[in-house]
Amino acid sequence: SDFYGTKDNYSRESQGYTVQGGIQSYATEKITYRLLAGWSRFEYADVAEDDGFTYSAAANWNISDTWRTSLLATSAYQPTEREFGSSQRVDMISWGIAHSMIRGKLNATADINYRHETHECVSYDTADYNLDIITGRVGLSYTINRYISINGNIEYQTEINDGSAIHNSYNYDRWRGNIGLRFAY
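Residues numbered from 1 in each chain as written. Predicted model: local features only at pLDDT ≥ 70, side-chain atom pairs only at ≥ 80, totals over all residues. Heavy atoms only, no water.

Some details on a nonpolar patch on the surface
Thought 1: Together, Leu71, Ile93, Trp95, Ile112, Tyr114 and Ile134 give the surface a local cluster of nonpolar side chains, amounting to about 530 Å² of exposed area.
Thought 2: Secondary-structure elements contributing two or more residues to the nonpolar patch are β5 (87–101) and β6 (106–121).
Thought 3: In this fold, isoleucine 112 is placed in strand β6.
Thought 4: Judged by relative accessible area, which is 45%, isoleucine 112 ranks as partly exposed. (Patch = residues over 30% accessible without salt bridge, like charges linked within 9 Å, V, L, I, M, F, W, Y side chains within 5 Å. Areas by Shrake-Rupley, 256 points an atom, 1.4 Å probe, with all protein chains shown as cover. Salt bridge = Lys/Arg side-chain N within 4 Å of Asp/Glu carboxyl O. Helix = DSSP H or I, 4+ residues; strand = E, 2+ residues; numbered from the N terminus. Buried < 20%, exposed > 50% of the residue type's maximum accessible area, 1.4 Å probe, protein only.)

Dropping the structure here:
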């Protein structure tokens, strides 16, 4: 097939559509939630097509004036990050907590995320595998004034494939640290 030939055969055409409906409301004065469900479709050239049920659910709880927590679960169809002409379904759930300290100038956060990638439409057999990705992160942000803030975080991530021997090189554990300066006007 010409598709597997040179780099010139990679398509630049992809389209995605999502239609969801749902509700958003307050469970209590401090707890809000949003529930959406619907249908999504992803197309890549004439090679990959996926469609099916998708969802999005979120809950936020303002525990106190200084503590907040959030829970988020979503799904989507999208192109794969490693294989051309292939698409995947992603299901993700994450939970985080934030604490505001020193009169709102210093903020601490922690979160954990689980992501499952299922390859739905593949252009060749070796692209047919699934991944589980787990990420944990802690961070601090300090607001110097209304224009400048400093932030930093440390993140740990592990990636595990479904046991396919050809994809063992995709398994990894990674630590990453970030420091940033933000200017706002």
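From this point, things continue past the structure.
Side note on the layout of surface pockets
Where empty space is left can be seen by rolling a probe of water-molecule size over the atoms.
Thought 1: Of the pockets and cavities examined, the largest pocket occupies roughly 310 Å³.
Thought 2: Taken together, 23 residues line the largest pocket, and the ones lying closest to its centre are Glu81, Arg115, Glu117, Ile133 and Gln157.
Thought 3: Those elements that place two or more of their residues in the lining of the largest pocket are β5, β6, β7 (130–143), β8 (148–161) and β9 (172–183).
Thought 4: Here the lining of the largest pocket gets five residues from one element, more than from any other, and that element is β6. (1 Å grid on protein atoms, 1.4 Å probe; cavity = no way out; pocket = protein on both sides within 12 Å on 5 of 7 lines; lining within 4 Å. Points joined across faces, edges and corners; volume = space filled by probe spheres on them.)

Quick word on the confidence of the model for the protein
Thought 1: For the protein, per-residue confidence averages 86 on the pLDDT scale, and residues scoring 70 or more make up 84% of the total.
Thought 2: Low pLDDT (under 50) marks residues 1–8, which in the prediction has 10 contacts with non-local residues, meaning those over four places away or in another chain. (pLDDT = per-residue confidence, 0-100. Contact = heavy atoms within 4.5 Å.)

Here's the deal with the pattern of salt bridges
Thought 1: Using the criterion set out here, one finds seven salt bridges in the structure.
Thought 2: Taking the shortest distance from any N to any O, the salt bridge between arginine 115 and glutamate 117 comes out at 2.7 Å.
Thought 3: Between glutamate 155 and arginine 176 there is a salt bridge whose closest N-O contact spans 2.7 Å. With glutamate 155 in strand β8 and arginine 176 in strand β9, this residue pair connects regions lying 21 residues apart in the sequence.
Thought 4: Several salt bridges share partner residues, and in doing so they unite Asp111, Arg137, Glu155 and Arg176 into one network.

Examining unusual backbone geometry
Thought 1: Residue isoleucine 102 is not a glycine yet carries a positive backbone phi of 45°.
Thought 2: As for its placement among the helices and strands, isoleucine 102 is situated in the loop between β5 and β6.

Some points on the environment of tryptophan 175
Thought 1: Relative to the assigned elements, tryptophan 175 resides in strand β9.
Thought 2: Note on tryptophan 175: relative accessible area 66%, which makes it exposed.

Some points on the environment of tryptophan 39
Thought 1: By secondary structure assignment, the location of tryptophan 39 is in strand β2 (residues 31–44).
Thought 2: A C-alpha to C-alpha distance of 4.7 Å links tryptophan 39 and phenylalanine 53, two positions 14 residues apart in sequence.
Thought 3: When near neighbours in sequence (up to four residues on either side) are disregarded, tryptophan 39 contacts Tyr17, Thr18, Val19, Asp51, Gly52 and Thr54.

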